[in-house]
Amino acid sequence: MGSLQVQAGSGKVTRTDVARYAGVSTAVVSYVINGGPKPVAAATAARVREAIKVLHYQPNATARALTMGSARLLGMIVPDSTNPYFAELTDAIAQAAAARGYALLAANSRTDADTERQNTLNLVSRQVDAIILATVLSPSEVAAMAVQGIPRVLVDQSSSVHGIPTISTDFEQGAAIGVQHLIGHGHQDIAILVGRDIDPSRVDPRHNGWKKALRNAGLPEGPAEFTDFTRQGGYEATRRLLELPKPPTAIFASSDLLAVGALRAIHEADLSIPDDIAVVSFDGTSESEFSWPQLTTVRQPISQIAEAVIEAALSHDDSDGKIQLLGTELIIRRSCGC
């Protein structure tokens with residue numbers, strides 16, 4: 001080892017400092033850090049790694065990206081990072097990315113189209129290797145976005161965008177499963193809480209699944225309440241349902257957040273769940289397990305989505321813009337009457 005002494009506050013440690021300490025060239029330091037392109041003897045590589053550790057050297061990620069042709073960094077934009085579903089999905093995608101040697105940089109659009117556009121431009125400027133997008137934009141707006149050839153993968157939607165692969169839950173079929181379960185309990189007046197979309201022309205496939213299940217059972221459509229995808233939105237929408245001359249006997253909530261808001265409204269009305277009114281939700285986050293009563297929920301396959309998203313993001317094969325819809329699982333707890 002060399003005798004180089006680096007004093008605290010004396011400036012940033014450079015690759016030259018590491019090379020001098022280890023008694024090697026800067027090229028050898030580069031080979032060890034980047035895993036090539038030339039092999040380094042095990043003993044020499046060990047000296048370099050020890051020098052990096054002793055000197056607390058931090059490689060320049062930008063310079064490494066230019067050398068390697070990849071930042072090994074993925075970007076992700078979600079509409080609401082406080083929503084337990086998106087929080088759990090982001091964590092699962094980060095873990096799946098890390099397993100392949102990539103870091104994840106996540107951003108929150110706050111369900112605002114302009115913020116999403118700015119987030120996208122910020123990720124493009126950082127030269128991420130791919131962008132994972134739970135978008136609030138229309139398909140044409142997504143397709144028109146200038147991303148300088150950076151691959152994109154869409155999540156949390158069932159409609160296609162030309163040239164961009166989509167990984168999503170089969171929302172329509174999952175919702176139908178949840179409503180069919182309520183029908184199986186003998187409910188004939190089943191309401192739905194639907195999250196309001198920023199694009200009024202876009203129909204939530206969970207709404208379609210609710211309609212499909214009722215139609216197949218020969219039942220009329222119950223009341224539909226459109227509201228914000230929040231606990232407060234679910235609370236206010238359920239209060240409106242309970243003020244109807246004939247309130248529904250069951251509610252299908254298109255997210256766990258809406259369902260948690262519904263539970264509060266029902267409790268405040270001194271009604272029993274599920275005896276007076278049953279509730280089934282959609283998402284299957286940890287929030288559904290710790291509500292009271294525990295929510296029967298249609299669980300989205302978060303781990304499968306994460307793995308499929310990372311595979312699509314790193315494959316760079318997005319020419320056909322194919323959609324991959326993954327199935328759901330009905331988790332039966334107390335809120336439905338089982």
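Scope of this entry: the structure provided in the associated data block. (Residues numbered from 1 in each chain as written. Predicted model: local features only at pLDDT ≥ 70, side-chain atom pairs only at ≥ 80, totals over all residues. Heavy atoms only, no water.)

1. Here's the deal with the pattern of salt bridges
The following threshold applies: Salt bridges, as used here, are contacts in which a Lys or Arg side-chain nitrogen is within 4 Å of a carboxyl oxygen on Asp or Glu. Helix and strand labels come from DSSP, where a helix needs a run of H or I of at least four residues and a strand needs a run of E of at least two; each type is numbered from the N terminus. The rule is simple: take the accessible area with a 1.4 Å probe, protein chains only, and divide by the maximum for that residue type; under 20% is buried, over 50% is exposed, in between is partly exposed.
Under the definition given, this model contains ten salt bridges. Salt-bridge contacts for Glu329 lead to Arg299; the nearest nitrogen and oxygen are separated by 4.0 Å. With Glu329 in strand S12 (residues 329-331) and Arg299 in strand S10 (residues 296-299), the pair connects residues that are 30 residues apart, well separated along the chain. By relative accessible area, which is 45% here, Glu329 ends up partly exposed. For Arg299, a relative accessible area of 30% translates into the label partly exposed. Among the ionic contacts, a cluster of salt bridges with common partners joins Asp114, Arg117 and Glu141.

2. Description of the side chain of Arg152
Convention followed: N or O atoms within 3.5 Å of each other form a polar contact, as long as, within protein, one can give a hydrogen and the other can take it, and as long as residues adjacent in sequence are counted only when both atoms are side-chain atoms.
Inspection of the secondary structure puts Arg152 in strand S4 (residues 152-155). For Arg152, the side chain forms a polar contact with the main-chain oxygen of Val142, separated by 2.8 Å.

3. Thoughts on unusual backbone geometry
The omega torsion of the bond from Ile273 to Pro274 falls at 15°, within 30 degrees of zero and hence cis. Within the fold, Pro274 resides in the loop between helix H11 (256-268) and strand S9 (278-283). Look at the link from Trp292 to Pro293: it is a cis peptide, with omega at -5°. Relative to the elements of secondary structure, Pro293 occurs in the loop between helix H12 (286-289) and S10. Although it is not a glycine, Thr111 adopts a positive phi angle of roughly 55°. Turning to its location among the elements, Thr111 is positioned in the loop between strand S2 (103-108) and helix H6 (113-125).

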